[in-house]
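Working through the structure, step by step
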Amino acid sequence: MENRLDIAPISEWGMFEEPRPCVIAGPCSAESEIQVMETARQLKAAGLNVFRAGIWKPRTHPGSFEGVGAQGLKWMQRAKRELGLKIATEVASEKHVFECLKYGVDLVWLGARTTANPFLVQEIADALKDVDIPVLVKNPVNADIDLWIGALERLNAAGIRKLGVIHRGFSTFAKNKYRNEPGWQVAIELRSRYPRLPFFCDPSHMGGRREYLKEISQRSLDLGLEGLMIESHCDPTCALSDAGQQLVPQDLREMLMSLTVRENDSDSLEYKENIDQLRSQIDVIDENLLNLFASRMKISRRIGEYKRDNNIAIIQASRWDTVLENMVRKGNELGLSDKFLTTVFNAIHEASVQIQNDILEKK
Ligand code: PEP
Ligand code: MN
């Protein structure tokens, strides 16, 4: 699967000074020249070197602040020139791409609403043909991994090798703790399909509130992601967009310093030997599990045939409730969580019902 994307490692992007985490920081929106320059100055003093600001803002409701447009790129260009920062912004059309190129933008990203639209992604990919700047693709607003991968394929086919992703969570109807549902399993799946694809998390849009930035950032480092994109504003309470999730640069620095960076691997021989041993033990157990599943399914099939011959319905709900209750109780005693046990046993039960169903239909 992975050889369908030709990816340049992040170390070749010429963007980030510190190896990990690579941080892109700056206000949700560029609002004024003073706000851009002041935030950029404070971020630079906090040790950050890649500056983001939204220029065109895709807002849910009309009448909200929709960005200052191309004039903001001049302010960002000034921050680049005077402070030596790299500058980054969101593009949602070919016009945006051309404006960015005019003002020396160093990195662009596609927002969640844009990734969800293949027409726009293709238009942007065409506009970026032969342009050698890094492009990051946020996950689409809905948890559709193929739509996300499709956007990567379109950009890669246009010759963009400095390609990465930003996980910012998914919109849901039900309102949960975070502004966007993390759906980490989608990020993990993409990570395992494309292990060399540079991976950022955007804890600002995922969490929606300042106080969640640290726990989400730590989670993404625990998962081995390379980078973070975080909103930071010199005066967050007065921000024209996303006021509740932005941090002053000094607080951002403190938050970043408090994170624990996990290594992806270790050169220590002892570590390698121990981890190899533990992994082979896991491999053996996984094979045993496979054999057990297969034996269990064989019996399910026999039960299915027996029920069919005696004209009995497949599901006897009370029987399964009792089995599940027993397994959860016994599993708890072994230190396994309710969530794990119900997920595993319900999946096993579902497969077993499916087999019995197939037997009935074949009759
Ligand atoms: C942003 O990064 O400013 C933004 C609008 O984010 P998203 O596309 O994730 O909503
Ligand atoms: Mn924002």
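This report concerns the structure included in the present document. (Residues numbered from 1 in each chain as written. Chains lettered and ligands numbered in written order. Predicted model: local features only at pLDDT ≥ 70, side-chain atom pairs only at ≥ 80, totals over all residues. Heavy atoms only, no water.)

Before going further, it helps to examine the coordination of the manganese ion (ligand 2). For the manganese ion (ligand 2), the protein coordination sphere consists of Cys28 (SG), His205 (NE2), Glu231 (OE) and Asp242 (OD), at 2.0 to 2.3 Å. Mapped onto the sequence, the donors of the manganese ion (ligand 2) take the spacing C-x176-H-x25-E-x10-D. Here His205 lies in helix α8 (residues 203–207) and Cys28 lies in the loop between β1 (22–26) and α1 (33–45), a separation of 177 residues in the sequence. Like Cys28, the residue His205 is buried in the burial classification. (Donors = N, O, S within 2.8 Å, 3.2 Å for Na, K, Ca; no water. Helix = DSSP H or I, 4+ residues; strand = E, 2+ residues; numbered from the N terminus. Buried < 20%, exposed > 50% of the residue type's maximum accessible area, 1.4 Å probe, protein only.)

At a minimum axis separation of 9 Å, helix α12 (residues 317–333) and helix α13 (residues 338–362) run at an interaxial angle of 140°. Pair α12 / α13 crosses with right-handed handedness. Residue-level contacts link Trp320, Leu324, Met327, Val328, Gly331 and Asn332 of α12 to Asp338, Leu341, Thr342, Phe345, Asn346 and His349 of α13. Residues that form the contact of α12 with α13 fall into these classes: 6 nonpolar, 5 polar and 1 charged. (Axes fitted to C-alpha atoms, helices over the stretch in contact; angles between N-to-C directions. Left-handed = near helix turned anticlockwise from the far one by under 90°. Contact = heavy atoms within 4.5 Å. Nonpolar A, V, L, I, M, F, W, Y, C, P; charged D, E, K, R; others polar.)

Attention shifts here to the site of ligand 1. Every residue lining ligand 1 is accounted for by Arg52, Lys57, Glu90, Trp109, Gly111, Ala112, Arg113, Lys138, Arg168, His205 and Glu231. Here an oxygen atom of ligand 1 and a side-chain polar atom of Arg52 are 2.8 Å apart. One of the side-chain N or O atoms of Arg168 is found 2.7 Å from an oxygen atom in ligand 1. When ligand 1 sits alone it has 290 Å² of accessible area, and the protein chains cover 97% of it. Here the residues of the shell around ligand 1 sort into 2 nonpolar, 2 polar and 7 charged. (Near = heavy atom within 4 Å. Polar contact = N/O pair within 3.5 Å; in protein donor to acceptor, adjacent residues only side chain to side chain. Areas by Shrake-Rupley, 256 points an atom, 1.4 Å probe, with all protein chains shown as cover.)

With 71 residues, the main nonpolar core has Phe51, Leu128, Leu155, Leu190, Leu252 and Leu256 as its most contacted residues. Broken down by element, the residue count for this core peaks at 6 residues, all from helix α6 (residues 145–157). With residues up to four places along the chain from it excluded, the contact list for Leu155 reads Leu110, Ala125, Leu128, Val135, Val137, Ile160 and Leu163. In terms of nonpolar packing, the next biggest core, distinct from the first, is built from 15 residues, Phe16, Ile24, Leu136 and Met229 among them. (Core = buried A, V, L, I, M, F, W, Y, C linked by side-chain atoms within 4.5 Å.)

Moving on, we come to the packing of aromatic side chains. Within the structure shown, the criterion is met by 3 aromatic pairs. Between Phe16 and Phe200, the ring centres sit 5.7 Å apart and the planes meet at 45°, which makes this aromatic pair tilted. Remark: Phe200 occurs in strand β7 (residues 199–201) and Phe16 occurs in the segment before β1; sequence separation between them is 184 residues. Like Phe200, Phe16 is buried. Here the aromatic rings of Trp148 and Phe199 are separated by 6.2 Å at their centres, their planes lie at 80°, and the arrangement is edge-to-face. On the criterion of sequence distance, the pair formed by Trp148 in helix α6 and Phe199 in strand β7 is long-range, its members being 51 residues apart. A single burial state applies to Trp148 and to Phe199, both of which are buried. (Phe/Tyr/Trp six-rings, centres within 6.5 Å; stacked < 30°, edge-to-face > 60°.)

Attention now moves to the pairing of β1. Burial analysis of β1 places 5 of its 5 residues in the buried class, the great majority of the element. Strand direction decides the pairing type here: β1 and strand β8 (residues 227–231), joined by 5 bridges, are parallel. Each residue of the ladder has a partner; that of Ala25, found in β8, is Ile230. (Pairing = 2+ DSSP bridges.)

Here we come to α6. Helical periodicity: at 3.6 residues per turn, an α-helix aligns residues three or four positions apart in one direction. Over its 13 residues, α6 extends 18 Å from the first C-alpha to the last, a length consistent with the 18 Å expected when each residue adds 1.5 Å. Of all the residues in α6, the buried ones are Ile145, Trp148, Ile149, Gly150, Ala151, Leu152, Leu155 and Asn156. Where α6 starts, the residue carrying a side-chain oxygen 3.1 Å from the main-chain nitrogen of Asp146 turns out to be Asp144. Directly after α6, the chain includes Gly159, whose backbone phi takes a positive value near 95°. (Expected span 1.5 Å × (residues − 1).)

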